[in-house]
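Commentary on secondary and tertiary structure
One letter stands for each residue in the lines below.
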Amino acid sequence: MAFSTFKRDRERGLLDGQFLIAMPGMTDSNFARAVVYVCAHSPAGAMGFIINHPQSVTFPDVVSHLNLLPREDLIMLPNEARSFPVQTGGPVESGRGFVLHSDDYLSESSIPVSDDISLTATLDIVRAISDGRGPNRAVMLLGYAGWGPGQLEFEIANNGWLTCAATEDLIFDRSLDGKYERALALLGVHPAMLSTEAGHA
């Protein structure tokens, strides 16, 4: 599913608001030990964001690249903006930024993902964060993960992913180390248990 088909008034799908947790046998290196937050799931496909892969680009880099501030003025950014988390969201449109955030910030372009989380992919939220007017909880993700019709269901059926209900705390936790293990813990699973089960569809 392409982001362009992700609509504000869509029907919620079966996997909306779920975590996908990559099994050890995952062959796509983009998703090795990945935890993916599913934002949309329908017969047309699925899209979501990896929430535990780092990104070397910083928020000041993003502000400078978008020409919102001259590089010499980046030092004037509020502390929260300078340390604002930027992560790798997935292999599709990896040069594009998306902000997952709490619903205390909403613009005309914000799309509700769940009752408490929205997605904004326009400059207005970058400006708001730069000015210290951003949402209370948020993360910027470069790129997203997308699946075509039936593709994700096939991968799950073939033991590619575990699924469980997502938690806000894990989505917005800035500590990426151990996030994979913490996602598994939501299911009461230890990584060592998976290695013996991988490969059994």
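Since this is a predicted model, take the numbers as computed values, not measurements.

Overview of the overall build of the protein chain
Each helix and strand in the protein chain was counted, giving seven helices and nine strands. In the protein chain, buried positions account for 45% of the 201 residues. The contacts in the protein chain between residues at least 6 apart in sequence include a share of 69% that link residues at least 24 apart. Element-wise, carbon and sulfur atoms account for 53% of the exposed surface of the protein chain, whose accessible area totals about 9800 Å².

A closer look at the packing of aromatic side chains
Taken as a whole, this structure holds seven aromatic pairs when the rule is applied. With centroids separated by 5.4 Å and ring planes inclined at 55 degrees, the aromatic side chains of Phe49 and Phe98 adopt a geometry described as tilted. Taken as a pair, Phe49 in strand S3 (residues 45–50) and Phe98 in strand S5 (residues 92–102) lie far apart in primary sequence, 49 residues in all. Taking the relative accessible area as the measure of exposure, Phe49 reaches 0% and is therefore buried. By relative accessible area, which is 0% here, Phe98 ends up buried. For the pair Trp147 and Trp161, a centre-to-centre distance of 6.2 Å together with 80 degrees between the ring planes defines the contact as edge-to-face. Here Trp147 is found in strand S8 (residues 138–147), whereas its partner Trp161 is found in strand S9 (residues 161–165), with 14 residues between them in sequence. Here Trp147 and Trp161 have matching classes, each one buried. Through pairs of rings, three or more aromatic residues link up here, namely Phe31, Trp147 and Trp161.

Quick notes on the side chain of Ser64
Assignment of secondary structure puts Ser64 in helix H1 (residues 59–65). Apart from residues lying up to four places away in sequence, Ser64 is in contact with Leu69, Arg71 and Leu74.

A closer look at the pairing of S8
Burial within S8 is extensive, with nine of its 10 residues counted as buried. Sheet analysis places S3 next to S8, joined by three bridges and oriented antiparallel. Residue pairing in the sheet places Ala46 in a bridge with Trp147 of S8. Pairing of strand S4 (residues 86–88) with S8, which is carried by three bridges, proceeds in the parallel orientation. Across the sheet, the residue bridging to Val86 is Met140, located in S8. Pairing geometry for S5 and S8, over six bridges, is antiparallel. Pairing of Gly97 across the sheet is with Leu142, part of S8.

Describing helix H3 (residues 123–130)
Those residues of H3 not exposed but buried are Ile125, Val126, Ala128, Ile129 and Ser130. On the buried face of H3, the contacting elements are H1, helix H2 (79–82), S5, strand S7 (117–120) and S8. Directly after H3, the chain includes Gly132, whose backbone phi takes a positive value near 80 degrees.

Considerations on unusual backbone geometry
A positive phi angle, near 50 degrees, is found at Glu93, a position not held by glycine. Relative to the helices and strands, Glu93 resides in strand S5. The backbone of Asn159 shows a phi angle near 65 degrees, a positive value even though the residue is not glycine. Turning to its location among the elements, Asn159 is positioned in the loop between helix H4 (151–157) and S9.

Rules of the game
- Residues numbered from 1 in each chain as written.
- Predicted model: local features only at pLDDT ≥ 70, side-chain atom pairs only at ≥ 80, totals over all residues.
- Heavy atoms only, no water.
- Helix = DSSP H or I, 4+ residues; strand = E, 2+ residues; numbered from the N terminus.
- Buried < 20%, exposed > 50% of the residue type's maximum accessible area, 1.4 Å probe, protein only.
- Contact = heavy atoms within 4.5 Å.
- Areas by Shrake-Rupley, 256 points an atom, 1.4 Å probe, with all protein chains shown as cover.
- Phe/Tyr/Trp six-rings, centres within 6.5 Å; stacked < 30°, edge-to-face > 60°.
- Pairing = 2+ DSSP bridges.

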